[in-house]
Amino acid sequence: MSRVRHTSAVRQRLVALGLVGLPLLTFPLVSLPGGEIGGVPGLFWYLFGIWGGLIGLAAWVAERRGG
Amino acid sequence: MAHKILIADDEPNIVISLEFLMKKEGFVVAVAGDGEEALAKVAGFQPDLLLLDVMMPKKSGFEVCEALRADNANAALKIVMLTAKGRDTEVAKGLALGADAYVTKPFSTKDLVAKVKSMLGIV
Amino acid sequence: MISGWFVMLLAIGYLGLLFAVARFGDARADAGKSIITANVYALSLAVYCTSWTFYGSVGRATSGGLSFLTIYIGPTLMLLFGTVIAKMIRISKAQRITSIADFIASRYGKSQLLAGLVTVIAVIGVVPYIALQLKAVSASFDIVFGNPVDASEPWWADSTLAIAAVMAVFTILFGTRHLDATERHEGMVAAVAFESVVKLIAFLAVGLFVTYGVFGGLSDLFRKAAASPELARLFTVDASRSGSWLALIVLSALAILFLPRQFQITVVENVDESHLRRAVWLFPLYLLVINIFVFPLALGGLLHFNGGGMDADTFVLTLPMAEGAAGLALFAFIGGLSAATGMVIVETIALSTMVCNDLVMPWLLRSRWVNPSARKDLSGLLLSIRRGAITVILLLGYAYFRAAGEAYALVGIGLISFSAVAQFAPAMFGGMYWKQGNHAGAVAGLLGGFGVWLFTLLLPSFAKSGWIGKGFVEDGLFGVDTLKAQALFGLTGMDEISHCLFWSLLVNAGLYVAVSLLTKPGAVEVTQAERFVDVFRRPGDGGASARLWRGSASATDLVALLERFLGPARAQQQLAAYARTRRLDDWKRLPADADFVQFAETELSGAIGSASARVMVGSVVQEEELGLEEVLDILDEASQVRAYSRELEAKSKELEAATAELRAANDRLLELDRMKDDFVSTVTHELRTPLTSIRALSEMLYDDPRIDLNERKRFIGIIVTEAERLTRLINQILDMAKLESGRAEWTNGAVDIVAVVRESMDSVGQLFREKGVELATCLPESGPIVLADRDRLTQVMINLLSNAVKFVPAKAGRVTVAMVTAAGEVRVEVADNGPGLAADECEVIFEKFRQGGNTMTDKPQGTGLGLPISRQIVEYFGGRLWVESEPGQGARFLFTVPLPAEQDNNQDGDN
């Protein structure tokens with residue numbers, strides 16, 4: 001019973017991440033980053049940063065025991 | 001040679017009566033007012049039989065009995081436990097700890113004397 | 001340049017390595033030691049990254065900047081909705097589903113029409129995609145050979161054909177080992193995971209080489225590119241692309257679910273649902289890593305070749321070669337080959353299953369050739385069909401590649417393919433989450449969506465390739481302006497993919513919903529809808545589903561059917577396993593009931609698809625058609641049963657809670673009982689102790705008349721004292737019992753507390769004088785008046801005083817009584833200069849039968865009840881009784897009695 005509940009909680013958290021990720025990785029937000037940091041365009045940083053952040057959070061949510 | 005009896009009880013009036021009773025029967029009697037004193041007197045007085053009250057200050061009769069039985073030097077010592085609590089568990093506990101007999105207060109003086117004598121092998 | 005033979009050998013050698021990996025995987029699976037772990041599963045999902053990713057992403061980046069990332073962001077977001085994938089996996093396992101065509105057909109009443117339709121869409125949509133892989137392999141050969149292959153070259157000398165043939169052999173060997181398509185192809189999955197690692201490392205190697213070897217790192221590369229306005233344009237995305245940005249994310253999110261190869265790897269090949277948990281982040285991480293250097297490579301290529309007409313799709317190979325890194329170029333070539341191979345193998349297996357089960361089998365079953373009454377083993381035939389399908393699909397792909405060449409219809413096929421499989425979305429999602437979605441709706445939606453896709457995307461790509469007239473694109477169908485293929489109803493300003501996606505999904509979903517709502521579903525559909533949508537809610541799939549079938553069957557016929565399609569050995573193995581689940585030793589004794597028919601149909605579904613399985617089972621059993629109303633009734637009942645069982649569960653939880661409460665109450669009672677028992681035992685002890693002296697001394701006096709007079713007097717004195725003690729004890733026990741039970745009688749009135757204290761001191765005065773103890777007072781002339789029982793208050797006072805005199809030393813003893821009025825209460829204090837009390841004793845002495853200190857000498861006077869009784873009395877009056885003391889410092893007993901309210905006011909008034 002608790003395993004089932006745990007699984008469903010993990011799934012809901014992941015779905016929430018997806019719902020946060022979609023607006024972050026689409027227009028209009030992706031048109032905002034400009035300029036450059038260390039020679040690399042801001043958009044490059046932004047896209048890979050948000051994307052990597054989502055993956056990191058997903059890994060944390062999915063692999064955490066017991067949570 | 002007269003047998004030696006040690007009476008350990010914290011009730012002075014009971015001590016008075018027991019002391020009188022045992023002396024009248026010709027035993028050599030010593031008295032202890034608490035558990036620790038009882039242990040000390042066993043070592044010093046070397047009694048043949050110990051009349052041991054359960055509810056005593058400092059060390060209870062159970063503790064005294066256990067301590068005495070842990071020492072082989074006292075193997076020959078007869079221990080009669082006296083208690084005013086007549087519960088079966090207490091009787092069982094006393095006997096398990098190595099007491100030879102168990103007497104419930106108030107007791108009949110004749111019975112007690114008879115029991116003491118038979119335990120000491122006096123007919 | 002590199003020797004052609006060497007390259008060819010290297011390619012064949014690499015494919016040989018994949019063979020070895022696959023063989024190892026299969027051998028381990030056969031030995032029951034699967035190597036498919038969560039990590040392998042997640043890596044195998046990277047079959048998504050084909051040569052189109054490996055070579056094509058760089059090309060896309062040279063024109064669209066970072067927008068190529070949408071193709072990988074979409075799958076990342078979809079994986080986070082892993083709950084959808086989990087549901088697909090659970091349904092497929094329960095229903096023995098082997099392909100996406102089977103999934104859709106099974107959900108909508110095991111329909112052969114739908115199965116065929118989905119298969120046709122998939123084949124038309126995906127075969128060109130396979131051709132694209134072959135083209136990429138061919139192009140990469142050209143580059144590393146250094147001589148463009150002459151198109152007029154005879155087909156038998158074509159190295160690409162050789163590669164395609166090796167791929168076909170691989171697919172046949174590892175993809176059709178078992179007849180039962182639900183059996184997993186673990187060897188193939190292992191090989192795919194392996195090739196995923198190879199292509200990732202190859203791509204990263206090229207990326208690192210170009211970025212850090214050819215250029216001075218990322219910032220150097222970007223700064224050089226920024227110098228050219230042409231390239232700097234790629235650094236940002238302009239808002240005019242916002243529509244297609246979102247469209248591509250949606251499109252790729254659907255593709256990761258519905259591409260036949262993805263469905264195969266994600267759903268059919270899934271060994272353990274929990275592997276999904278790893279894939280949810282590991283696969284997106286793979287996508288992120290493989291894409292880091294795409295943009296740098298694109299910029300690097302553009303800078304390096306300075307727009308020199310080099311095809312951007314080949315930068316991954318041409319950049320290392322131009323820098324003289326031939327070894328690295330070869331590694332990149334292997335990476336590209338790897339990407340193409342993985343895709344072709346898995347896609348071909350998935351398509352061949354569909355073609356065999358959903359196109360060929362229905363036709364075969366209808367033909368006389370496989371007369372159901374004949375008892376011929378068809379398992380070999382089935383395998384041959386599947387192998388034939390593999391060969392044909394690959395040949396079709398090769399043929400399309402040879403025919404299309406550099407035509408737009410081939411190079412642009414990636415997203416066109418994605419758009420084709422996106423048409424499965426309404427029927428799939430609706431099928432999993434909407435019970436009302438039905439067969440007619442699914443057919444209408446798929447046909448509509450597919451038609452729009454053909455008209456707005458595939459046919460225009462043919463037109464662009466010059467294969468058909470451009471009239472319908474430029475002037476509209478039949479010259480009607482509003483029917484321009486890529487500007488339907490005048491919708492412009494979108495790129496062709498977004499345009500197609502918008503119209504096709506609108507038509508598809510619209511028709512699906514509308515037709516579903518307007519038509520009635522069949523009985524089988526309703527049953528299947530229930531099973532699909534509620535898959536997580538029906539763990540056992542028992543009761544209702546068995547009752548949803550009614551008819552008569554013969555076990556022999558069913559067994560014969562299974563043996564025909566699965567082969568006798570496999571069929572008997574499955575039957576034995578099934579018999580064990582029904583606790584039967586011998587499968588020959590299985591009853592031909594609904595459950596057995598269900599089992600047979602599910603087993604057959606694994607081999608020939610759900611639609612064909614239903615037809616075959618129908619041919620050997622006499623089924624009584626259930627009416628729709630009846631099915632709905634049964635399902636209703638089933639859901640009611642589920643509701644009842646939930647209620648029962650709730651009830652049993654309530655019962656459990658009640659039981660726990662009862663147990664706790666019982667524990668409390670037992671504790672009280674134990675306390676009472678202790679109390680009785682203590683009282684007994686206290687009563688027996690004086691009795692012991694009385695009895696022993698009386699007996700001795702009685703037995704022995706010769707005891708001398710002094711002893712006699714002493715003994716009788718003791719008897720009297722102990723008798724008094726006994727009397728006191730009994731009185732106090734009774735008193736205590738009355739106080740505790742609340743039955744004590746109180747005569748409350750206005751009491752002058754100073755008067756009470758003085759009286760008490762007088763009545764115990766004798767005790768003090770006898771012991772030579774000084775009794776000092778510090779009292780006002782007349783104290784405050786309190787509301788209390790005079791006698792009870794006196795009892796408390798006497799108790800405290802007699803306690804004090806008992807513990808102070810004779811002659812030197814001193815007891816002081818004081819009284820203070822403050823804060824609405826009177827405080828009386830009895831202080832002595834006795835031995836005092838240790839901190840822990842200060843509370844203990846208020847417990848029953850607990851006396852302080854060594855009372856050896858005075859024992860007969862104390863009962864151990866005085867203080868507990870006094871405390872009860874004081875608390876009855878609303879005050880407190882406590883002691884303040886330290887060892888050696890004497891003890892101060894204090895008690896308070898509250899002043900009545902008006903008295904308080906009067907005093908204030910007086911002051």
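Residues numbered from 1 in each chain as written. Chains lettered and ligands numbered in written order. Predicted model: local features only at pLDDT ≥ 70, side-chain atom pairs only at ≥ 80, totals over all residues. Heavy atoms only, no water.

## Brief notes about the overall build of chain B
Worth spelling out the cut-off: By definition, any uninterrupted DSSP run of H or I lasting at least four residues is a helix, any uninterrupted run of E lasting at least two residues is a strand, and each is numbered from the N terminus. Radius of gyration here is computed from C-alpha atoms only, and the compact-globule reference equals 2.2 Å multiplied by the residue count raised to the power 0.38. Burial classes: relative accessible area under 20% of the type maximum marks a residue as buried, over 50% as exposed, and values in between as partly exposed (1.4 Å probe, protein chains only). Contacts: residue pairs with any heavy atoms within 4.5 Å of one another. Residue-level accessible areas treat just the shown protein chains as cover; the underlying method is Shrake-Rupley with a 1.4 Å probe. Neither His nor the chain ends contribute to the count of charged residues, in which Lys and Arg are positive and Asp and Glu negative. Lys charges are placed at NZ, Arg charges at CZ, Asp charges at CG and Glu charges at CD.
Helix and strand content of chain B: five helices and five strands. Across chain B, helices and strands are ordered from the amino to the carboxyl terminus as β-α-β-α-β-α-β-α-β-α. For chain B, whose C-alpha radius of gyration is 13 Å, the value lies close to the compact-globule estimate of 14 Å for 123 residues. In terms of its C-alpha atoms, chain B occupies a principal-axis envelope of roughly 30 × 30 × 25 Å. Across the 123 residues that make up chain B, the buried fraction comes to 53%. For chain B, the share of sequence-separated contacts (at least 6 apart) that also reach a separation of at least 24 residues comes to 60%. Accessible surface, chain B as shown: approximately 5,200 Å² in total, 54% of it carbon and sulfur. Side-chain charges in chain B split into 15 positive and 17 negative, and the spacing between the mean points of these groups amounts to 4 Å.

## Section: the arrangement of the chains
Sorting the two pairs of chains in contact by contact count puts chains A and C at the top. At the C-alpha level, the nearest point of chain A lies 46 Å from chain B, with no contact between them.

## Some thoughts on the pattern of salt bridges
To keep things clear, this is the line we draw: When a carboxyl oxygen of Asp or Glu lies within 4 Å of a side-chain nitrogen of Lys or Arg, that pair is called a salt bridge.
Taken as a whole, this structure holds 30 salt bridges over all chains when the rule is applied. Between glutamate 530 of chain C and lysine 435 of chain C there is a salt bridge whose closest N-O contact spans 3.6 Å. A residue pair is termed long-range when its members are at least 10 positions apart, and glutamate 530 of chain C in helix α25 (residues 523-533) and lysine 435 of chain C in the loop between α21 (425-433) and α22 (439-464) qualify at 95 residues. Looking at glutamate 530 of chain C, the relative accessible area reads 8%, which means it is buried. A salt bridge links glutamate 496 of chain C to lysine 464 of chain C; the shortest N-O distance between them is 3.2 Å. One end of the pair, glutamate 496 of chain C, is in helix α24 (residues 496-518); the other, lysine 464 of chain C, is in helix α22, with 32 residues separating them in the sequence. The class for lysine 464 of chain C is partly exposed, based on a relative accessible area of 46%. Several salt bridges converge on common partners, so that one network encompasses Asp9, Asp53 and Lys105 of chain B.

## As for helix α3 (residues 61-69) of chain B
The cut-off we apply is this: This arc is taken over the directions from the axis of the helix to the C-beta atoms.
Of all the residues in α3 of chain B, the buried ones are Gly61, Phe62, Val64, Cys65 and Leu68 of chain B. Projection of α3 of chain B onto a plane perpendicular to its axis shows the buried side chains occupying an angular sector of 165 degrees, all on one side.

## What about the nonpolar core?
All names here are of chain C. Selection rule: Here the nonpolar core consists of buried residues drawn from Ala, Val, Leu, Ile, Met, Phe, Trp, Tyr and Cys, with membership extended through side-chain atoms lying within 4.5 Å. Just so you know, the domain bounds were taken from an automatic or database domain assignment.
Of all hydrophobic cores here, the largest spans 205 residues; its most connected members are Phe258, Phe295, Phe418 and Phe424. With 20 residues, helix α7 (residues 112-145) is the largest single contributor of residues to this core. Formed jointly, this core draws a minimum of three residues from each of two domains, domain 1 (4-364 + 385-423) and domain 2 (424-526). Contact partners of phenylalanine 258, with chain neighbours within four places excluded, come to Met88, Ile100, Val421, Phe424, Ala425, Met428 and Phe429. By size, the runner-up hydrophobic cluster in this structure holds 50 residues, among which are Ala744, Met797, Ala804 and Ile869.

## Considerations on the interface of chain A and chain C
Applied cut-off: Two parts placed together each lose some accessible area; with a 1.4 Å probe, that loss summed over both constitutes the buried area. Polar contact is defined as a pair of N or O atoms within 3.5 Å, subject to the rule that within protein one atom must be able to donate a hydrogen and the other to accept it, and that residues adjacent in sequence are counted only when both atoms are side-chain atoms. Asp, Glu, Lys and Arg are counted as charged, while Ala, Val, Leu, Ile, Met, Phe, Trp, Tyr, Cys and Pro are counted as nonpolar; the rest, among them Gly, fall into the polar class.
Taken together, the contact pairs 35 residues of chain A with 39 residues of chain C. Taken as a group, Phe27, Phe44 and Trp51 of chain A account for 22% of the area that chain A buries against chain C, more than any other trio of residues on that side. In this structure, the connection of chain A to chain C is made through one salt bridge. Arginine 278 of chain C is the partner of glutamate 63 of chain A in a salt bridge, and the nearest nitrogen-oxygen pair spans 2.7 Å. Where chain A touches chain C, the interface holds four residue pairs in polar contact (both at pLDDT 80 or more). Elements that contribute at least two residues to the side of chain A that touches chain C include exactly α1 (2-24), β2 (40-41) and α2 (42-63) of chain A. Of the residues that constitute the side of chain A that touches chain C, the class distribution is 22 nonpolar, nine polar and four charged.

## Observations concerning the sheet that holds strand β3 (residues 49-53) of chain B
Residues and elements named next belong to chain B. Using the following cut-off: The pairing criterion for strands is at least two bridges between them, as found by DSSP. Interaxial angle, 0 to 180 degrees, is taken between N-to-C directions of lines fitted to C-alpha atoms, where a helix line uses only the stretch in contact.
Strand order in the open sheet made by the five strands is β2-β1-β3-β4-β5, with parallel pairing throughout. Because the sheet does not close on itself, it has two edges, and the strands there are β2 (28-32) and β5 (101-104). Between one strand axis and the next, the sheet turns through 20 degrees on average, direction left out of account. Of the strand pairs in this sheet, β3 and strand β4 (residues 78-83) are connected by five bridges, and their pairing is parallel. Along β4, the bridge assignment pairs leucine 52 with methionine 81. Each of β1 (4-8), β2, β3 and β4 touches helix α1 (residues 12-24); the most contacted strand, β2, lies at about 165 degrees to it. Packing of helix α5 (residues 109-119) onto the sheet brings it into contact with β1, β3, β4 and β5, and relative to β5 it is tilted by some 170 degrees.

## Regarding the interface of chain B and chain C
Each partner contributes to the interface: chain B provides 24 residues, whereas chain C provides 27 residues. In terms of surface lost to chain C, no three residues of chain B exceed Asn13, Phe20 and Pro106 of chain B, which account for 23% of the buried area on that side. On inspection of chain B and its partner chain C, the count reaches two salt bridges. Across the salt bridge formed by glutamate 11 of chain B and arginine 725 of chain C, the nearest N and O atoms sit 3.1 Å from each other. Between the two partners, chain B and chain C, sit five residue pairs in polar contact (both at pLDDT 80 or more). Among the secondary structure elements, those contributing two or more residues to the side of chain B that touches chain C are α1 and α5 of chain B. With eight residues, the single largest contributor to the side of chain B that touches chain C is α1 of chain B.

## Remarks on the side chain of serine 870 of chain C
Residues and elements named next belong to chain C. On the secondary structure map, serine 870 appears in helix α36 (residues 866-876). Looking at serine 870, the relative accessible area reads 2%, which means it is buried. Those residues in contact with serine 870, other than ones at most four positions away along the chain, are Val796, Asn799 and Leu881.

## So, the environment of glycine 567 of chain C
Residues and elements named next belong to chain C. In this structure, glycine 567 sits in the loop between α27 (555-566) and α28 (568-581). On the basis of relative accessibility, which here comes to 7%, the residue glycine 567 falls in the buried class. Beyond its immediate stretch of four places on either side in the chain, glycine 567 contacts Asp377, Ser379 and Leu562.

## Points about the domain arrangement of chain C
Residue and element names in this part refer to chain C. Looking at the assigned domains, one finds that chain C contains domain 1 (4-364 + 385-423), domain 2 (424-526), domain 3 (538-626), domain 4 (645-734) and domain 5 (745-910). For domain 1 versus domain 2, the distance between C-alpha centres works out to 26 Å. Taken together, the contact between domain 1 and domain 2 spans 43 residues of the former and 41 residues of the latter. Connecting domain 1 to domain 2 are zero salt bridges.

## Observations concerning the sheet that holds strand β7 (residues 825-832) of chain C
Residues and elements named next belong to chain C. The strand order β4-β6-β7-β9-β8 describes an open sheet built from five strands, whose pairing is mixed. With partners counted over all chains shown, the strands left at the sheet margins are β4 (774-778) and β8 (881-885), one partner each. Ignoring strand direction, the axes of neighbouring strands in this sheet form an average angle of 20 degrees. In terms of strand pairing, strand β6 (residues 814-822) meets β7 through eight bridges, oriented antiparallel. Bridge pairing in β7 links valine 817 to valine 830. The sheet contacts of helix α33 (residues 753-771) involve β4, β6, β7 and β9 (891-898), and relative to β6 the element is tilted by about 175 degrees.

## Side note on unusual backbone geometry
Here the bond from phenylalanine 27 of chain A into proline 28 of chain A is cis, since omega is 5 degrees, no more than 30 degrees from zero. The amide bond that connects lysine 105 of chain B to the next residue, proline 106 of chain B, takes the cis arrangement and shows omega of -10 degrees. With respect to the secondary-structure elements, proline 106 of chain B resides in the loop between β5 and α5. Positive phi outside glycine occurs at lysine 110 of chain C, with the angle close to 50 degrees. Note on placement: lysine 110 of chain C falls in the loop between α6 (100-107) and α7. The buried category is assigned to lysine 110 of chain C, whose relative accessible area is 12%.

## Here we look at the packing of aromatic side chains
Quick reminder of the rule: Each Phe, Tyr or Trp ring, with Trp reduced to its six-membered ring, pairs with another whose centre is within 6.5 Å; inter-plane angles below 30 degrees give stacked pairs, above 60 give edge-to-face pairs, and intermediate values give tilted ones.
Per the counting criterion, the structure on display carries 38 aromatic pairs over all chains. Both rings, one in tyrosine 108 of chain C and one in tyrosine 512 of chain C, keep their centres 6.2 Å apart while their planes meet at 85 degrees; by these two values the pair is edge-to-face. Here tyrosine 108 of chain C is found in the loop between α6 and α7, whereas its partner tyrosine 512 of chain C is found in helix α24, with 404 residues between them in sequence. Since its relative accessible area comes to 1%, tyrosine 108 of chain C is described here as buried. When the ring of phenylalanine 502 of chain C is compared with that of tryptophan 503 of chain C, the centres are 5.1 Å apart and the planes differ by 70 degrees; the resulting orientation is edge-to-face. On the accessibility criterion, phenylalanine 502 of chain C (38% relative accessible area) is partly exposed. Taken together, Phe44, Phe48 and Trp51 of chain A together with Phe222, Phe235 and Phe295 of chain C form an aromatic cluster joined through their ring pairs.

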